[in-house]
Amino acid sequence: MKKISRHYQVLLLVLLLNVLTLPYALGQELTITGSVKSGDELLPGVSISIKGTTVGTITNMDGDFSIQAKADDILVFSFIGFKTVEEAVAGRKEININLEEEATELSEVIAIGYGSVQKKDLTSAISTVKGDELAKRNVANVSQALQGQLAGVQVSSNGGSPGSEASILIRGISTINNNNPLYVVDDVPMDDISWLNPKDIENVQVLKDASASAIFGSRASNGVIVIETKKAKDGRTNISIDATYSIQDAAKKPDMADAAEYAKIVNKAATNSGLDAPFADPEAFGKGTNWWDEVTQLAPIQNYSLSINKGTEDMKIASGFSYFNQDGLVKGGGYERITMKLNTEYKLAKWLTVGQNLSLSKDKTDNGPNLVWDVQRVEPNIPVYLPDYEQEGKNEYSIYHPTLYTDVPNPMGTLARSFSGTDYLRTIGNVFANFDIGHGITAESKFAFYLSEWENNDFGPTYFIESTDYTNENWVTRSHNNRTQYTWNNLVHYKTQLNAHRLKLTAGMTMESDENRYLYGEGYNAPNNHPDLRYIDSTEDTKRFASGSNNKSTRQSFLARANYSFGDKYLLTASFRADASSRFNKENRWGYFPSVSGAWNLSEEGFMSNVAWLSQAKLRAGWGQVGNDNINNDALLTTLGRTVYVFGTEREISLGQAPASVGNADLQWETVEDMNIGADLGFWNQRLTASVDYFERRSKDMLLATSIPYYLGSAWSTPYANIGTLTTKGFEVILTYRKEYASGFSMTHSLNVSKASSKITKLVEGEAIWSGNHQRLENLTRTVENGVAGEFYGMVTDGIFQNESEVINYTDEFGNVLQPHAQPGDMRFRDVNGDGKINADDRAVIGNPEADFTFGINMNFGYKNFDLSMLFTGSYGNDVLNAVKPYAGTGSERYNSFAGLLDKAWDGEGSSNSQPRLAAIDDNNNFIYSDYYIEDGSHLRLKSLQLGYNLPKDWLERVQISNARLFIGGENLFTLTSFDGLDVDLGGSALERGIDWGQYPLPRIFMVGANISF
């Protein structure tokens, strides 16, 4: 018993010693070493920290680490693009970790042209949007779907005619020539993507600065939009069906005077001018004809698509079919498109993969007349049709009532005589072979083609409505254009990694050929207006004419790019491209376009490892040059053309040759030089992200068609010239917030804000460029050195003369009355130059079409099976010109007027200080081009809204459906703006931006649809 008791005593003593020394053992710091891998690859730059402290380190170039920690500490291993791991020390002195890749935003692969990188490795200004976001929009083409989605990308709707494309500006204008961006679809450059179904897109990247786009050289001066279409993935067969049905009405209707108010306005204008009132009883006209209601309609949109994809390790097949049909808001218009695609990829050997991508697109457009301009001017006090008894003996195009007081034809008569249709057949595709040579070397060869047949047919019937509105001979025209475009890319890639050093090299050559063959024919006096006779062969033999042309351009290019990374902390990208264009002489044929950009990932530095709330911090800077050869293929040549000349007193007509165009053999590349600095920030594990960029761009040797003196013999020729320099500066901000809750509620919100301001710094000989002529106004915009391209330039108003005393006292310094023909109620104009005269020399800048900033707000909510998305777009600070006002805002010449003009116009002292008196005789020229026509273009628009519901999985499994989503939504649901026109979102060319010419109304769309996959 004593022996046993002694053993217990020893055991108790040992336990007591362990208890007493345990705190000391646990509190003692250990030196822990180890390595971090991903699979078999060592990871340098991995952050290791002690949980709950600020102590940390990072792995070295060999993926090894060493850290001092306590036996009971927990080590946290984190690395961008990988799942975070927490590992208890548990007294160990060696810990080896294998990190698993995580599909995060920063690990997303971004296409950068002839290659790709992970988003965390970007060094340039590139914005991206996923195809799923574009697929929410029920629109005809990709350009419309991009609106509001990306910072620095300004998309203007240009109205809502069926199938119409929006205009896109990337970081403002880069030239006073064509500002359309280059599109690259599956590595194939092209200038037409209207054939592409938005639902077939995987993702879109926009290369905004020259350091990103210089790899595309001569065609990248306006930015590059890189589009990747959907491909099959490994796994089982996937079948998807999308169906949407929509109804359109006009987002805004013109508020025009009815017949009674119209007559009162005309009477008031006459009596104010000392004339008799032409209408004895305006109320007798009643409402009259609402021309807007006559020519417009509720219009459906049908959008259906089917895709079938199958992928295995060695074979991938993706096929699709889509149908889109949109009727016009204005009667007589419509757009229909059918597309089919087949993409295949075969792995023939471990080192060889071949494939092809093929798309067929057939669309038809009914080119109904744009009657928006006419219905806002035509008088409302006439009926649409002649009385029945007057219709007897007339053909179907002659039964419309003539207009009595204006030169505007009966809009419904114009609609009835509209027979214009365009057919477009496109075949787009490529074949490719990818070679895995080994040792990090791969090569690819891709031959791409774009083949199109475009045909337009027009017919004008014989009719007689009145002596100023008739056609004695019917006519037929047909235009035909065949286009063949070929591109051949041959590239070699090399990729290697040595410890923390990663290097990717790309080099290659491309060849492009683009040819158009155009044919035009017209004929007159077919036997009658029957549809079967609307062909040129039916017209008189002696009244047929034809013309045609061929033009072709080619390019050859060499390119190279290097991407270098050290420990994912220091990133460098450099590229060089040499382009030769057939559009220039041999001396100027080659253009050279370098670029370089770098980035510093601060968040990968060791001193940032314990800043847990900052998950990303990257600084970027880039510089580059890109080019522009966007001129006519024959711009170098002076050509002769057929002409008619009359000789002598006998007036003999002779055919001969005369200069038709004047060429310029000294043309050279337009070059755009670009600088960009930016920062990408992420907070709280990317819950909140921010990107900020500042850019400056300088375009020199801008190419533009210019006028020449008439005495040179080619009055209609506009030869190209390198005319000047343009600078554009601006900034972009992108904020995104993501949050998920345990309740099943989630949200993702993003805001993008952009500003781009242009300035002309040099023009040839300093001469101003005037542009924009209107039926009642001329020279709407002016472009001069140190000014904005296409700024509005006209007279400056200074209120309304309220009484005779104000007229008499408006004098120069010598007491001379400045506006001697003015009366109370007339517009007062400023003597801007102070010369004592009111004339064209007093014109000044009256508006700027460029916004202080544009923005897009994208809001997405999810709750269990429900999802809600909203897209807002807008601008602030831009001016727009209302070109309808010279008619509908004046009350003169008996054109119809905006409703309420009778009350808004000056009618006695103090009644108005902005709208002049109504007058049939205007000696003061109140409605000369002035700031009266300039309005604020600021606006906020709910561009898109969609509410969806995903059917429960257990329901779907019973019928073998993997996913089914039902949704309702709308487009262009409301717009907040002070602009009086139909649509404030106005595009236009660089020299004529922001002008409302009475464009096609923007549709408001209500839709219902379903997405089903098997």
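Residues numbered from 1 in each chain as written. Predicted model: local features only at pLDDT ≥ 70, side-chain atom pairs only at ≥ 80, totals over all residues. Heavy atoms only, no water.

Going by what an unreviewed UniProt entry lists, the protein is known as TonB-dependent receptor and is assigned to Carboxylicivirga sediminis. Listed in UniProt under the heading Sequence similarities (unreviewed entry), the comment for the protein reads: "Belongs to the TonB-dependent receptor family." (UniProt positions renumbered as here; feature names shortened; annotations may be inferred.)

Asks: Would you mind going over the packing of aromatic side chains with me for this structure?
Replies: For any pair of aromatic rings, the description consists of the separation of the ring centres together with the inter-plane angle of the planes. Per the counting criterion, the structure on display carries 31 aromatic pairs. With a centroid separation of 5.3 Å and an interplanar angle of 90 degrees, the aromatic rings of Phe279 and Phe285 are classed as edge-to-face. When its relative accessible area of 31% is taken as the criterion, Phe285 is described as partly exposed. The interplanar angle of 20 degrees and the centroid separation of 6.3 Å between the aromatic rings of Phe558 and Trp590 together place this pair among those described as stacked. Here Phe558, found in strand 29 (residues 544-566), pairs with Trp590, found in strand 31 (residues 590-601); they are 32 residues apart in sequence, far enough to count as distant. Classification of Trp590 as partly exposed rests on a relative accessible area of 34%. Put simply, the rings of Tyr262, Phe279, Phe285 and Tyr405 touch in pairs and so form one group of aromatic residues. Across the ring face of Phe419, the terminal group of Arg534 is positioned such that the distance to the ring centre comes to 4.2 Å. The ring of Tyr810 is capped by Arg828, whose NZ or CZ atom sits 6.0 Å from the centre of that ring. (Phe/Tyr/Trp six-rings, centres within 6.5 Å; stacked < 30°, edge-to-face > 60°. Buried < 20%, exposed > 50% of the residue type's maximum accessible area, 1.4 Å probe, protein only. Helix = DSSP H or I, 4+ residues; strand = E, 2+ residues; numbered from the N terminus. Lys NZ or Arg CZ within 6 Å of the ring centre and 35° of its normal.)

Asks: Looking at this structure, I do not really get the confidence of the model for the protein. What am I missing?
Replies: As a general rule, the predicted coordinates of low-pLDDT regions are not to be interpreted in detail. Taken over all residues, the pLDDT of the protein has a mean of 87, while the share at 70 or more is 95%. Between residues 1-5, whose pLDDT stays under 50, and residues either more than four places distant or in other chains, the model counts 0 contacts. Segment residues 10-26 is flagged for pLDDT under 50; beyond a separation of four residues in sequence, or across chains, it makes 4 contacts in the model. (pLDDT = per-residue confidence, 0-100. Contact = heavy atoms within 4.5 Å.)

Asks: What is the right way to look at the nonpolar core in this model?
Replies: One broad trend across soluble globular proteins is that nonpolar side chains are buried collectively. In this structure, Trp291, Trp292, Leu371, Val375, Tyr400 and Met412 are the most contacted members of the largest nonpolar core, which totals 30 residues. Elements with a minimum of two residues in this core: helix 6 (291-295), helix 7 (372-375), helix 9 (411-416), strand 25 (463-466) and helix 11 (885-888). Apart from residues no more than four positions distant in its own chain, Tyr400 is found in contact with Val384, Tyr385, Leu386, Asn410, Met412, Gly413, Ala416 and Ile465. Ranked by size, the runner-up nonpolar core spans 28 residues in total, among them Val142, Val153, Ile170 and Trp195. (Core = buried A, V, L, I, M, F, W, Y, C linked by side-chain atoms within 4.5 Å.)

Asks: Sorry, what's going on with the sheet that holds strand 41 (residues 769-771) here?
Replies: Sheet architecture is open: 4 strands sit in the order 41-42-43-46, paired in antiparallel fashion. Pairing within the sheet leaves two strands with one partner each, and these edge strands are strand 41 and strand 46 (844-847). Averaged over all neighbouring strand pairs, the angle between strand axes comes to 45 degrees, with direction disregarded. Strand direction decides the pairing type here: strand 43 (residues 791-794) and strand 46, joined by 3 bridges, are antiparallel. The residue bridging Tyr793 from the neighbouring strand is Val845, located in strand 46. (Pairing = 2+ DSSP bridges. Axes fitted to C-alpha atoms, helices over the stretch in contact; angles between N-to-C directions.)

Asks: What's the story with the UniProt feature "domain: TonB-dependent receptor plug" (unreviewed entry) in the protein in this structure? I'm lost.
Replies: The UniProt record marks residues 119-224 with the feature "domain: TonB-dependent receptor plug" (unreviewed entry), using the residue numbering of this structure. Here residues 119-224 runs as 12% helix and 26% strand, with 17 Å between its end C-alpha atoms.

Asks: Got a minute to help me understand unusual backbone geometry in this structure?
Replies: One can expect most non-glycine residues to show negative phi and most peptide bonds to be in trans. Of note, Ala90 is a non-glycine position whose phi angle comes to about 55 degrees, a positive value. Within the secondary structure, Ala90 is located in the loop between strand 7 (85-88) and strand 8 (97-98). Since its relative accessible area comes to 61%, Ala90 is described here as exposed. Of note in the backbone geometry, Arg894 takes a positive phi value of approximately 65 degrees without being a glycine. Its location among the elements puts Arg894 in the loop between helix 11 and helix 12 (901-904). The exposure class of Arg894 is partly exposed, given its relative accessible area of 29%.

Asks: Looking at this model, I keep getting lost on the environment of Ala269. Mind explaining?
Replies: Of note, Ala269 is situated in helix 5 (residues 259-272). Using a relative accessible area of 2% as the deciding quantity, one classes Ala269 as buried. Note: C-alpha distance between Ala269 and Ile921 (652 residues apart in sequence) is 8.0 Å. Those residues in contact with Ala269, other than ones at most four positions away along the chain, are Gly891, Leu918, Ala919 and Ala920.

Asks: So what exactly am I meant to see when it comes to the pattern of salt bridges here?
Replies: Side chains that differ in sign of charge can pair as their charged atoms come close. Overall, the coordinates contain 40 salt bridges when judged by the stated rule. One salt bridge in this structure joins Glu971 and Arg137, with 2.8 Å as the shortest N-O distance. Of the two residues, Glu971 is situated in strand 52 (residues 963-977) and Arg137 in the loop between helix 2 (131-135) and helix 3 (142-145); the sequence distance between them amounts to 834 residues. For Glu971, a relative accessible area of 1% puts it in the buried group. Linking Lys268 and Asp907 is a salt bridge whose minimum nitrogen-to-oxygen distance equals 3.0 Å. Taken together, the residues span a long stretch of sequence, with Lys268 in helix 5 and Asp907 in the loop between helix 12 and strand 50 (934-936) at a distance of 639 residues. The exposure class of Lys268 is partly exposed, given its relative accessible area of 27%. Each of Glu512, Arg555, Arg583 and Asp629 takes part in one network of salt bridges that share partners. (Salt bridge = Lys/Arg side-chain N within 4 Å of Asp/Glu carboxyl O.)

Asks: How should the side chain of Lys199 be read in this particular structure?
Replies: Residue position: Lys199 is located in the loop between strand 15 (188-190) and strand 16 (201-207). We note that Lys199 is buried and unpaired, the nearest opposite charge coming from Asp242 at a distance of 5.0 Å. Apart from residues lying up to four places away in sequence, Lys199 is in contact with Ala135, Lys230, Asp242, Asn303 and Ser305. (Lys, Arg positive; Asp, Glu negative; His and termini not counted.)

Asks: Please clarify how the sheet that holds strand 14 (residues 182-185) should be interpreted in this entry.
Replies: One key point about sheets: their strands pair by backbone hydrogen bonds, in either a parallel or an antiparallel sense. With mixed pairing, the 5 strands of this open sheet are ordered in space as 11-16-17-14-15. Only two strands of the sheet have a single partner each, and these edge strands are strand 11 (126-130) and strand 15. Taken pair by pair, the neighbouring strands of this sheet meet at an average axis angle of 20 degrees, ignoring direction. With 3 bridges joining them, strand 14 and strand 15 adopt antiparallel strand pairing.

Asks: Can you help me understand helix 5 in this one?
Replies: The periodicity of an α-helix, 3.6 residues per turn, causes residues three or four places apart in sequence to face the same way. In a regular helix each residue adds 1.5 Å, so 14 residues correspond to 20 Å; helix 5 covers 20 Å between its end C-alpha atoms and thus fits that length. In terms of burial, helix 5 is a largely internal element, 10 of the 14 residues being buried. For helix 5, the full list of buried residues reads Ala259, Ala260, Glu261, Tyr262, Ala263, Ile265, Val266, Asn267, Ala269 and Ala270. Where helix 5 is buried, its residues touch helix 12. Measuring from the side-chain oxygen of the N-cap residue of helix 5 to the backbone nitrogen of Ala260 gives 3.3 Å; that N-cap residue is Asp258. Phi turns positive, to about 80 degrees, at Gly274, one or two residues after helix 5. (Expected span 1.5 Å × (residues − 1). Polar contact = N/O pair within 3.5 Å; in protein donor to acceptor, adjacent residues only side chain to side chain.)

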